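Close look at the chain arrangement
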Amino acid sequence: MKQKTLLATAIAAALVLQTWSVAAQDAAPAKADQGSAKSLETVTVTGSRIRSVDVETSQPVFTMDKAAIQATGLTNVNDILARMPSMGTPDITPQDTLSSGADVGGRYVNLRNLGSQRTLVLVNGRRWSTSLGGLTDVSTIPVSMIDRIDILKDGASSIYGSDAIGGVVNIITKEKFEGAEANVYYGQNGKGDGETQNYDFTWGHSTEKNSIVIGAAYQQTDPMWDRERPETRYADGPRHPDAGWSSTGPYGRIVDPTTKQQYVINHGATDSSNLANYHLYDGSTNADRYNSTQDMTFRAGTKLKNLFLQDNYKLTDNITLHGMADASVRDSSAQLAGYPFSTGNTVGNLFPNGVQISGQNAYNPFPGQDVSFFRRTVEMPRVTDAHSKIYNINVGAQGYFQFLGHDWTWDADYSYSQNKIHLSTDGNLDLHKAQAALGPTTIINGQVACANASDRAAGCVPWNILAGPGATPQSVLNYVGYHESARQVSSTDDYTANVSGGLFDMPLNAGTVNLAVGVEHRGLKGSYRPDAYVAAGNTTDLAANATTGKYFTNEAYAELDVPLLRDLPGAQELGINIASRYSNYSNFGSTTNNKYSFRYRPIEDLLIRGTFAHGFRAPTINDLYGGPGQSFETFIDPCDTKYGAAATSSTVAQRCGTAGVPAGYRQVDGSGTPIKSNTGTQTPVPFVSGSNPNLQPEQSITRTLGLVYSPHFVEGLDFTVDYYNIYLKNQITSVSASEILNLCYVQNDPSYCSRFTRKATPGIDPSTGLVQGSVNALNESEANLGTLKTEGYDVGIHYRLPETSFGRFRIASDSTYLTKYETVSSPGATPKDQVGFFAADNGAQAIYRLRSNLQLDWDFKEFGASWTVRYYSGLKDQCYTATVECSSPTYTNPWWPSVGMSQKGSVAFNDAQFRYTAPWKGVFTVGVNNIFNKKGPFYYSVPTAGTGSPPYNPSFDIDRYWYVSYNQKF
């Protein structure tokens, strides 16, 4: 992937200028003092390497200062950034209970709904640690150490390299701090759960030569449980409390080996060997089913400890040494309901017929015949504890010198980051021991015992699995349970060197032509080591193979800023900026990305700006080298003749028939019961997902055009509007089950029809519940697939009113209006414009047409207050059924997975905060977020894994939340 660039001269200039910089320091120390002073008056704006006295640039940068951060009443960077209208739902959220993997438990950001991997996170302009999947956990950055947050809402690969497609989040920490500061924070949800405690302490001291800042922080957030709220108590929400129950309940269900009828033991009965104690299983009622959400965390609890150190030492008048070290330890814990243990989901290489109850087992009601069973082990909820250690270290030097009669700056840095995660899981079953406990039994000393002597010696205890909860002693659970351990580690070594300064002055006092050049070498490596016993398929947990890999990149860039006109009628300022970055990767080759920007100020009050930028995202180690794994997917089959696309499209129905799907086919759950709504069901057999070593980088083109208007006749008023257009191609994506099936049958792409198989034999499989035509295997491996186009407008109005006798008032309004979010799943496929939808693509995000924040802030002497309104526009959602919660029952389009559409209304949340500054430099703050306890609509498109717990939208507040805090400066 190559483009014509400016790099040939840029690289040469970089080498020459770095050589000159050393000579200049030695040759002209007297001028260096003057240059140093001048350079300190300039700043480096996020998105550019050129220092300037102007903070308004050609690129759209939004800044949250310390006051704006504190006004949110939040203590996590991800929660603070999620309030921005241009932010989408992260790929993994705190309430993403059903997702698995080392990234679960972290906190991430997602700019422009493009995905968390496409948002580059920097700290002080340098990359922060990332996981194997390319995700940056921003919760590891202590809020107490933050001076401001810059959000560049523009592509920036020409400056920063990979990942800066959606934009850049640059977190700027406190550089100088004198004295000490302590903060205490406590918050709680209206239901009395999800308590958050935060304690931090910062100390700093500055001398003529040295400035040091040290910070320590501790945060604890208690878990929230699905069962505590009507919004989350049931899988399909409070309006459908009887829907979404699992077909596998806590009372044992068996299959008659002769008639194939299914029986469930009478609740409370313990004599499971007597068939008279059973009744026929009825999948149409919930008597023998199970509401698994009652045992699940809605939002996982976390504990976070952090230490931060930053130091700057003035070695000479024009050379400063700097260093930063950050260490974070995060512990999180999430709980799932007990495993839905059955013969069907244990079929494999270990047990070709699945784990069964032996015909010689004393608890088998069909003596002499091995039987299939179903039983959810509610006594053993599955709990995953994640212990994460994240380290970031940076050391370097920067300096000033004069060259060609202009000020120049240089810097050289080394950064090292490491992300170590240990996952510990309990609640899954050892299949070998489970089969032994369900195997042949004998009588020893009048007690039922495992017949196999070696099994007994290993602790085997017979399992009366059909008797239900309360009938299984702890000794059995201890024997069949398996404690598993997995580890992930990733690290980055990053070397950078930059130099920038003025080349020459333009005619007519237009300004100085500035150049920045730099080089970078970055190496990434990592591995994931699953529990070997689990990876071999010996347990009920999803098997996954090991991941290991590494690659490095060598890069060079050049940025040229040219002021063309200044202080002329009709052209108070006109300038252009050109940047180009060459990247050579050890795994896929080279790529070059250019960016062209302009700024034009026809009058002093008005700035017009625009950019055109190429961008890219390199595949991550997990994308390239991740071992294949298993997952249970919730999907809707387009061949379902009631809720799938075949219900309304004769073409789809014909394609399904040609593929061997029987006429009148209904998608079924694990008990063989047809689905009851458009939300689909979870497959009782695992599907496979994996990496692809042949992946190529994603590529993007970003266009922006905007204006900044600050009328001189209204002091304190600023108005901004920026148009953006982003085109992304060669998307690296794991194709979901729903997408694969729709691509095959709806889009008629035969290449995807080979990714899955269906049960060919007639009748129902008693061990899985699958009927003829059901999908029984599917591969979701990653591919460079499809495109995405998004465009819209960012609008900001900020007005600081003149001071009055009642105090100072400030009004701030920030909005994002989305006009397009169009995805194309594969070449030739039908484009899907998902603006205003709870969309199925990109992790099932809410693609709002309009998000807006309005804030009124007031300060008077020692008092202050703010009121914030957060607005989310309405969304189109899947109907629950064609007749229930369905505003348009006949609505169809070429890509919607089922018939019907339900229009959900807009939502606004109100936040209030009051603060008081005491005479002893203490600040008391009291606040309430979602003060009116507003509840959002239920969305039946919310996935069970990827973003949160359906049907509640993870973007919305679930409760009223109040908090108090105290800040003391010393």
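Quick look at the structure, then. The residue count restarts for each chain, going from 1 along the sequence in the order it is written. Reporting in this predicted model follows two pLDDT cut-offs: at least 70 for local features of residues, and 80 or more for side-chain atom pairs to be given and counted; totals over whole chains, interfaces and linings ignore these cut-offs and use all residues. Each side-chain value is worked out from all heavy atoms of the structure, with water and hydrogens disregarded.

1. What to know about the overall build of the protein
We count it as follows: Each helix corresponds to a stretch of at least 4 residues labelled H or I by DSSP, and each strand to a stretch of at least 2 residues labelled E; elements are numbered beginning at the N terminus. Our radius of gyration is a C-alpha quantity, and the globule rule it is checked against amounts to 2.2 Å times the number of residues to the power 0.38. Working definition: with a 1.4 Å probe on protein chains only, accessible area under 20% of the residue-type maximum means buried, over 50% means exposed, and in between means partly exposed. By the convention used here, residues are in contact when the closest approach between their heavy atoms is within 4.5 Å. Neither His nor the chain ends contribute to the count of charged residues, in which Lys and Arg are positive and Asp and Glu negative. A charge is said to be at NZ when it belongs to Lys, at CZ for Arg, at CG for Asp and at CD for Glu.
Per the secondary structure count, the protein includes 13 helices and 49 strands. Compactness check: the protein gives a C-alpha radius of gyration of 31 Å against a globular reference of 30 Å for 970 residues, within 12% of the reference. Expressed as lengths along the three principal axes of its C-alpha atoms, the size of the protein is roughly 100 × 60 × 60 Å. Looking at the protein as a whole, 57% of its 970 residues qualify as buried. For the protein, restricting intrachain contacts to residue pairs at least 6 apart in sequence, the fraction spanning at least 24 positions comes to 71%. In the protein, 77 positive and 89 negative side-chain charges are present, and the distance between their average locations comes to 2 Å.

2. Focus on the environment of Glu-862
Examined against the element boundaries, Glu-862 turns out to sit in the loop between strand E43 (850-860) and strand E44 (863-872). Residue Glu-862 is classed as partly exposed on the basis of its relative accessible area of 32%. Taking the C-alpha atoms as reference points, Glu-862 and Phe-932, 70 residues apart in sequence, are found 27 Å from one another. Residues within four places of Glu-862 in sequence aside, it is in contact with Arg-915, Tyr-916 and Thr-917.

3. Notes on the environment of Leu-788
Checked against the element boundaries, Leu-788 lands in strand E40 (residues 787-800). Sequence separation between Leu-788 and Ser-415 is 373 residues; the distance between their C-alpha atoms is 33 Å.

4. Structural notes on the state of the cysteines
The condition that has to hold: By disulfide we mean two sulfur atoms from cysteines, separated by a distance within 2.5 Å.
The full count for this structure, using the stated rule, is 4 disulfides. Here Cys-639 pairs with Cys-656 through a disulfide, and the sulfurs are 2.0 Å apart. Of note, the bridge from Cys-639 to Cys-656 carries an S-S torsion of about -85 degrees and is left-handed in sense. Residue Cys-639 is found in the loop between strand E31 (634-635) and helix H11 (650-658), and its partner Cys-656 is found in helix H11; the two are separated by 17 residues along the sequence. Summarising the burial analysis for this pair, Cys-639 and Cys-656 share the class buried. A disulfide bridge connects Cys-879 with Cys-886, and the sulfur atoms are separated by 2.0 Å. In this structure the cystine formed by Cys-879 and Cys-886 twists about its S-S bond by roughly 60 degrees; its chirality is therefore right-handed.

5. Brief notes about the sheet that holds strand E7 (residues 167-173)
Definition in use: Two strands pair under a simple rule: DSSP has to find at least two bridges between them.
Taken together, 5 strands build an open sheet; the order of strands is E3-E6-E7-E4-E5 and the sheet is mixed. Strands with a single pairing partner mark the edges of an open sheet, and in this sheet they are strand E3 (61-65) and strand E5 (126-127).

6. Let's talk about the packing of aromatic side chains
Convention followed: In this scheme Phe, Tyr and Trp rings, the latter by its six-membered ring, pair at centre separations within 6.5 Å, and the angle between planes marks the pair as stacked below 30 degrees, edge-to-face above 60, and tilted otherwise. By definition, being over a ring means that NZ of Lys or CZ of Arg is both within 6 Å of the ring centre and within 35 degrees of the ring normal.
Tallied over the entire structure, the rule returns 31 aromatic pairs. Centroid distance Tyr-185 to Tyr-963: 5.7 Å. Interplanar angle 20 degrees. Geometry classified as stacked. With Tyr-185 in strand E8 (residues 179-189) and Tyr-963 in strand E49 (residues 961-969), the pair connects residues that are 778 residues apart, well separated along the chain. Here Phe-403 and Trp-408 contribute two aromatic rings whose centre-to-centre distance is 5.7 Å and whose plane-to-plane angle is 70 degrees, an arrangement assigned as edge-to-face. On the basis of relative accessible area, Phe-403 is assigned to the buried category, the value being 14%. An aromatic cluster of three or more residues is present, and its members are Phe-838, Tyr-848, Tyr-872, Phe-909, Tyr-939, Tyr-952 and Phe-956. Above the face of the Tyr-724 ring, Arg-112 is positioned so that its terminal group lies 3.6 Å from the ring centre. Over the aromatic face of Trp-225 sits the side chain of Arg-227, whose NZ or CZ is 4.5 Å from the ring centroid.

7. Quick look at helix H12 (residues 737-745)
One turn of an α-helix holds 3.6 residues; hence residues three or four places apart share an orientation. Summarising burial for H12: 8 of the 9 residues are buried, a large majority. Considered for burial, the residues of H12 that qualify are Ala-737, Glu-739, Ile-740, Leu-741, Asn-742, Leu-743, Cys-744 and Tyr-745.

8. Observations regarding unusual backbone geometry
For Asp-567, which is not glycine, the phi torsion reads 55 degrees and is therefore positive. Within the secondary structure layout, Asp-567 lies in strand E26 (residues 547-568). Judged by its relative accessible area of 53%, Asp-567 falls in the exposed class. Phi at Lys-861 takes a positive value of approximately 50 degrees, unusual for a residue other than glycine.

9. A short note on the nonpolar core
What counts, and what does not: For this analysis, a nonpolar core means a set of buried residues of the types Ala, Val, Leu, Ile, Met, Phe, Trp, Tyr and Cys, connected via side-chain atoms within 4.5 Å.
Phe-341, Phe-373, Leu-438, Trp-463 and Ile-465 are the most contacted members of the largest nonpolar core, which has 29 residues in total. Secondary structure elements with two or more residues in this core: strand E13 (262-265), helix H6 (431-437) and helix H8 (474-480). Core analysis: the next-biggest nonpolar cluster, separate from the first, contains 27 residues, Phe-62, Leu-81, Val-123 and Phe-308 among them.

10. Focus: the sheet that holds strand E14 (residues 278-280)
Which entries qualify depends on this criterion: Axes here mean lines fitted to C-alpha atoms, for a helix over just the part in contact, with angles spanning 0 to 180 degrees between N-to-C directions.
On the basis of which strands lie adjacent, the open sheet formed by 5 strands has the order E14-E13-E12-E19-E18 and antiparallel pairing. Both outer strands of the open sheet, E14 and strand E18 (340-342), are each paired with one neighbouring strand and no more. The mean angle between the axes of side-by-side strands here comes to 25 degrees, regardless of whether they run parallel or antiparallel. Across 3 bridges, the pairing between strand E12 (residues 253-255) and E13 is antiparallel. Directly across from Arg-253, in E13, lies its bridge partner Val-264.

11. With respect to the pattern of salt bridges
Note the following rule: Think of a salt bridge as a Lys or Arg side-chain nitrogen and an Asp or Glu carboxyl oxygen that are within 4 Å of each other.
Under the definition given, this model contains 37 salt bridges. The closest approach of N and O atoms between Asp-959 and Arg-229, which form a salt bridge, is 2.4 Å. One end of the pair, Asp-959, is in the loop between strand E48 (922-929) and E49; the other, Arg-229, is in the loop between strand E11 (224-225) and E12, with 730 residues separating them in the sequence. Residue Glu-885 pairs with Arg-239 through a salt bridge whose shortest N-O separation is 2.8 Å. On the criterion of sequence distance, the pair formed by Glu-885 in the loop between strand E45 (875-877) and strand E46 (902-904) and Arg-239 in the loop between E11 and E12 is long-range, its members being 646 residues apart. In this structure Arg-239 comes out as exposed when scored by relative accessible area, which is 51%. Shared partners join several salt bridges into a network, and the residues in it are Asp-193, Arg-229, Glu-231, Lys-935 and Asp-959.

12. A word on the environment of Ala-579
Relative to the helices and strands, Ala-579 is located in strand E27 (residues 571-585). For the pair formed by Ala-579 and Ser-342, sequence separation is 237 residues and the distance between their alpha carbons is 59 Å.

13. Here we look at the pairing of strand E16 (residues 301-316)
In terms of strand pairing, strand E10 (residues 210-221) meets E16 through 12 bridges, oriented antiparallel. Bridge pairing in E16 links Ser-211 to Asn-312. Inspection of the sheet shows E16 paired to strand E17 (residues 319-336) by 15 bridges, in the antiparallel sense. Following the sheet pairing, Thr-302 is matched in E17 by Ser-332. Counted between consecutive antiparallel strands, the loop separating E16 from E17 contains 2 residues.

14. Side note on the side chain of Glu-231
Along the chain, Glu-231 turns up in the loop between E11 and E12. With residues up to four places along the chain from it excluded, the contact list for Glu-231 reads Gly-237, Pro-238, Lys-935, Phe-938, Pro-951, Tyr-952 and Ile-958.

15. Here we look at empty space enclosed by the protein
Condition: Cavities and pockets are defined on a 1 Å grid built over the protein atoms alone: a cavity is a set of grid points where a 1.4 Å probe fits but cannot escape, while a pocket is an open set with protein on both sides within 12 Å along at least five of seven lines, and lining residues are those with an atom within 4 Å of any such point. Grid points are joined across faces, edges and corners, and a volume is the space filled by probe spheres set on the points.
Scanning the model with the defined rule gives 8 cavities of 30 Å³ or more in all. By volume, the second largest cavity is sized at about 890 Å³. As for the second largest cavity, its lining consists of 40 residues, of which Leu-74, Asn-78, Asp-79, Pro-94 and Arg-299 are closest to the centre. Where the lining of the second largest cavity is concerned, the elements lending two or more residues are helix H4 (77-82), E8, E10 and E44.

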